[in-house]
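# Commentary on secondary and tertiary structure
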Amino acid sequence: MGLTLNHFLILGAILFCIGLYGAISKRNAIAVLMGIEIMLNAVNVTMIGFSFFNHVKPYSTYLTGQIFAIFIITVAAAEAAVALAMIIAIYRKRETVDVGEIDIMKW
Amino acid sequence: MDLATLIFWIIAVILVGSALMVVGLRNIVHSAVALILLFAMAAGIYVLLDAEFIAIVQILIYAGAVTILILFALMLTRITGQQSRTNPTNKQWWIALVICTLLGVSIIYAATTSPHAVATVGSDSGQLPAGINNVVRIGQLLYSPTQYSFVLPFEIASLVLLVAIIGAIVIGRED
Amino acid sequence: MVIAMALYQYAWAVLLAPLLSFVVIVFGTRVWDLLSRPHIAATTTHAEEHAVEAHGSEGEDYGEHGEDDDDDPKVPRLSAGAIASGYVAIGIMALACIYSWIMLLTSVFNRQSLPAGGIDVLHYDWFVQPAGVASYSIIFHLDTLALAMMVVVTTVSLLVYFYSQGYMEDSAGYARFFAYLTLFTFSMLVIVFAENFLVIFVGWELVGLSSYLLIGFWINKRAKPAELRPSPSSAALQAFVANRVGDVGFIIGIMILFANTGTFSFAQLSTAVTHIDKNLLTVAMILVFCGAIGKSAQVPLHVWLPSAMEGPTPVSALIHAATMVAAGVYMIARTFPLYVAAGPAAFGTVAWVGAITALFAATVALVQSDFKRVLAYSTISQLGYMFVGLGVAGSEYGPGLGMFHLFTHAFFKALLFLGAGSVLHSLHHATHREVQDMRLMGGLGPKMPITAITWLIATLSISGFPFFAGFFSKDTIINLTAERGDWGLYIITLGTAGLTAFYMLRAYILAFGGKGGSFGGLWGGPYRGEGQPHESPITITLPLILLAIPSVIAGYWFGFFDYIQPGAPVLNLSTILSDAKTWIGVVVALAGLAVAYTLYCRVDAAKLHAFVQNNALLRATHNFLYHAYYINELYDLLIRYVVLGISHIEQAFDTYVVDGIVNGVARLALLLGRDGRYVETGRVQSYMIGFFGGVAVLAVLVFALVTFGVGK
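Residues numbered from 1 in each chain as written. Chains lettered and ligands numbered in written order. Predicted model: local features only at pLDDT ≥ 70, side-chain atom pairs only at ≥ 80, totals over all residues.

Attention shifts here to the overall build of chain C. When helices and strands are tallied, chain C shows 29 helices and two strands. Of all 712 residues assigned to chain C, the portion counted as buried reaches 50%. (Helix = DSSP H or I, 4+ residues; strand = E, 2+ residues; numbered from the N terminus. Buried ≥ 20, exposed ≤ 12 C-beta atoms within 10 Å, placed from the backbone.)

Structure, rendered in structure tokens:
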């Protein structure tokens, strides 16, 4: 069978859900961040998949999905930097990176 | 099955497997290494989809910078006395499992049964005009002042990066 | 004729006269009285005023009375305002009484002057709607029945007012007493003049109120449990509550009638009830009779009348002998056409309740030792006779039969009570204590001749001694029960007549006679009490003399039945005397008198007492009758365990269910708050679980709905 859009969409969905699982159920803050990175990559796969399968002129020449993916990568990198800086700052203060123990806003 | 499909399946399996390893391995450094594999395989997918520039960017930035960042952070935030289980799961992992399964099933169901604006079958994408490759085209789309371009988002993205740099410095300061 | 018509048009003046005197006393002379007491300024507080009134004037001792142990406060001298209150009441009531007598005599001698159905003398449309929908009007109506009753009420009221001047002369609250008396007379006249159930009910409750106020007049007096006597305030409450219990049936009966006919008016009802179901009408009329059971102290709601003797004796005379208790009889007489239209069960109930009450009360009165209690039970018994009279009359005789006995009874019973009051008053003066026990009296005949003679006349009248008033009214009833073939009623009423004669003469002998007096023990004898009693002043004895006259001659109004209901038979002296049943009645009455005479004039009192106490059966019977068949104790148990038991259950319901729900709602809110806050864990991941969990649920929901075709 030839490749269809559905292949990439399903791949993206699976990756997204795995990333979500990692983000929700991991105790280490950096593991949560890794889950988020997986989610972002899943979205990228989907975007570029849409871009490839777009045959409608003139929009197909705009490569919108790929541009979107560039920006996602950009922002994801920036976000990773800031997030890791925060994690290190928290580690310095509290000697832990366990997100389960950071619950000042609880009842 | 033709070559493209075969390559897709191989890459896809490794991709999903490495994602599961990221989430499932007990040692967080092992998870970080699995993450590198994941980024690389994602780049492979992009190549398959005629997005070479994006693939290179993915390798450069994700597999290069982001993973280094993560490894440095792991190094700086080690908890002494903890040897093997550095990547535990919390108590609600089974709820997360259920939610993710449901969500995944519904997304897949929606994606496969709803009509799409784009074609579902690929053909050689007459997307690029003759004589231009993907890099040139993306350059045109990002920087061109006169033709249709995404120059404004580009400028804003640079601003975002600036803010992120300053923010990271400020937050990560020792005082 | 025109003058005669105009005469009746102003009859509302009789109705409003006592109201006028009430207003004048309450806002005029009583205020004068309160202001004129020493040490009282007009700026005293309400509580201080009552304190002074209860304890008499400060700084003055009780004069020549010494220590009284009955707690009702005394004043050594009445103020001008108080005396004026008495005069206002008497003066206005005298005018009203004269007017009512004029109206009565005119209507008797000139039958056509008053139209057959009577006339409306006061009409106020309170709430009028088009025909077919309920309208409420206040209408006061005058006809022959109302005239007869009105004369009784005004006459007895006037004599009681006059009497109270002497009886209450040293009681604190003199002006208040007259205010209440006039209020009572007004209320009673509202009942008399009422043309529909609404007005009669208003009057009904007003007399209940007045009775409450008057019985409980001596507010500080204590109870005397040893003599089975409650405090006046408890007695007043008992009277009101017992009346209220009867009123439940009364109201339901009125409601049934109203619901089925749409009117309250007696005149309209008497034609409209022929159209409603007879059984329903019977039930309704029996319920209406329940009101009369309460008001007229029939079994089982009789318990308040002996307790009501705690009030001053003029009150007992006015209310509990002549008028208020007769309101029940009057009400049945008013609604007589409705009873005729109902099934025979209605009249049967009336007659049998009356008969059983008459017998019951007579048996209890046989052994009472309290002077006023004998009279109280006697009243209950005679009221029973009136209801028997109403029950057996049928449409042939009309309500006149029972009303005739009411008419004569009012006079001789008022006389009996006022005479008793005279005795008590003089004994109080002699011993400085309240003496009501007949065992401490005796031989008072020569000491109080007027009182004794008038009392004897009344005793003979109530016993049915030939040619006195009671003979005509009571024997007509007894004979009619035989004529109708009600042999059970006949035996009961005949036997009760004998018992009545017995206990009345017993009371007379115990008070005024005794073994060893003249006339074979009927006049004078040993006095078993202390002190030197003497005859009461003229203010007390004049009403006695005035009442003795109608106690004899009131029975000679032979046209009474025809007066009340045109077409009823007219009594004929020769017919009465030739009837064998009359002589049976006379023999029974004389036998009762003879037994009483023998037991109390010929036998030594101590030997009689010892004989009864030694025999176990007699002693048990004596106790049983003395405690009035222990009905009071039964009611006490009933109320304590059944009524209060139910209220405890309901209180538990209120506390646990109602309050439980209300408090439960509050507690639920508290719980939600206190336990719901645990959702805020402070951990981002649990929030994410909530977030994505919601997304997942929504997604599944939407896809399920879309797939199954609901809501495209």
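Residue and element names in this part refer to chain C. Following Val299, the chain continues into Pro300 via a peptide bond in cis, with omega recorded as 0 degrees. Looking at the secondary structure, you find Pro300 in the loop between helix H10 (278-295) and helix H11 (304-307). Although it is not a glycine, Phe467 sits at a positive phi angle of roughly 75 degrees. In this structure, Phe467 sits in the loop between helix H18 (449-463) and helix H19 (469-483). Notably, Ala628 is not glycine yet its phi reads approximately 55 degrees, a positive angle. What makes Ala628 buried here is the crowd of 22 C-beta atoms within 10 Å.

This next bit is on the interface of chain B and chain A. Size of an interface: often given as the accessible area lost when the parts come together. Chain B puts 73 residues into the contact, and the matching count from chain A is 66 residues. Secondary structure elements with two or more residues in the side of chain B that touches chain A: helix H1 (3-24), helix H2 (28-48), helix H3 (52-76), helix H4 (93-113), helix H5 (134-143) and helix H6 (151-172) of chain B. Ranked by the residues each element gives to the side of chain B that touches chain A, the list is headed by H3(B), at twelve residues. For the side of chain B that touches chain A, the class distribution of residues is 53 nonpolar, 18 polar and two charged. (Contact = placed C-beta atoms within 7 Å. Nonpolar A, V, L, I, M, F, W, Y, C, P; charged D, E, K, R; others polar.)

What follows is about H1(B). Residues and elements named next belong to chain B. Between the first and last C-alpha of H1 there are 31 Å, a value that for 22 residues agrees with the 32 Å anticipated at 1.5 Å per step. Looking at H1, one finds that the buried residues are Phe8, Ala12, Leu15, Ser18, Ala19, Val22 and Val23. Looking down the long axis of H1, one finds its buried residues gathered within 140 degrees of arc, a one-sided arrangement. Of the residues in H1, the exposed ones pointing more than 90 degrees away from the buried face are Leu3, Leu6, Ile10 and Val13. (Expected span 1.5 Å × (residues − 1). Arc of directions from axis to C-beta.)

All right, on to the confidence of the model for chain C then. Residue and element names in this part refer to chain C. Averaged over all residues, the pLDDT of chain C equals 86, while 94% of them reach at least 70. pLDDT under 50 marks residues 55-67. Its contacts with residues more than four places away, or in other chains, come to 19 contacts. Both confidence scores are given for the complex: pTM 0.73, ipTM 0.92. (pLDDT = per-residue confidence, 0-100.)

Right, let's talk about the environment of C:Gly208 for a bit. Residue and element names in this part refer to chain C. Among the secondary structure elements, Gly208 is positioned in helix H7 (residues 197-215). For the pair formed by Gly208 and Thr357, sequence separation is 149 residues and the distance between their alpha carbons is 21 Å. When near neighbours in sequence (up to four residues on either side) are disregarded, Gly208 contacts Phe240 and Asn243.

To continue, consider the packing of helix H4 (residues 80-109) of chain C against helix H6 (residues 174-193) of chain C. Residue and element names in this part refer to chain C. Running from amino to carboxyl end, H4 crosses H6 at an angle of 20 degrees, the nearest separation of the two axes being 8 Å. In terms of orientation, H4 lies roughly parallel with respect to H6. Judged by the sense of rotation from one axis to the other, the crossing of H4 with H6 is left-handed. Of the residues in H6, those touching H4 at Gly81, Ala82, Ser85, Gly86, Ala89 and Met93 are Tyr174, Ala175, Phe178, Leu181, Thr182 and Thr185. Across the contact of H4 with H6, the residue classes tally to seven nonpolar, five polar and no charged. (Axes fitted to C-alpha atoms, helices over the stretch in contact; angles between N-to-C directions. Parallel < 35°, antiparallel > 145°, perpendicular 65-115°, else oblique. Left-handed = near helix turned anticlockwise from the far one by under 90°.)

All right, on to the packing of helix H1 (residues 5-25) of chain A against H1(B) then. The description of two helices packed together rests on the angle between their axes and the distance between the axes. Across the interface, H1(A) lies against H1(B) with an axial gap of 9 Å and an inter-helix angle of 10 degrees. Relative to H1(B), the element H1(A) is oriented roughly parallel. Residues A:His7, A:Leu11, A:Ile14, A:Leu15, A:Ile18, A:Gly19, A:Tyr21 and A:Gly22 of H1(A) pack against B:Phe8, B:Ala12, B:Leu15, B:Val16, B:Ala19, B:Leu20, B:Val22 and B:Val23 of H1(B). Tallied by class, residues from the contact of H1(A) with H1(B) come to 13 nonpolar, three polar and no charged.

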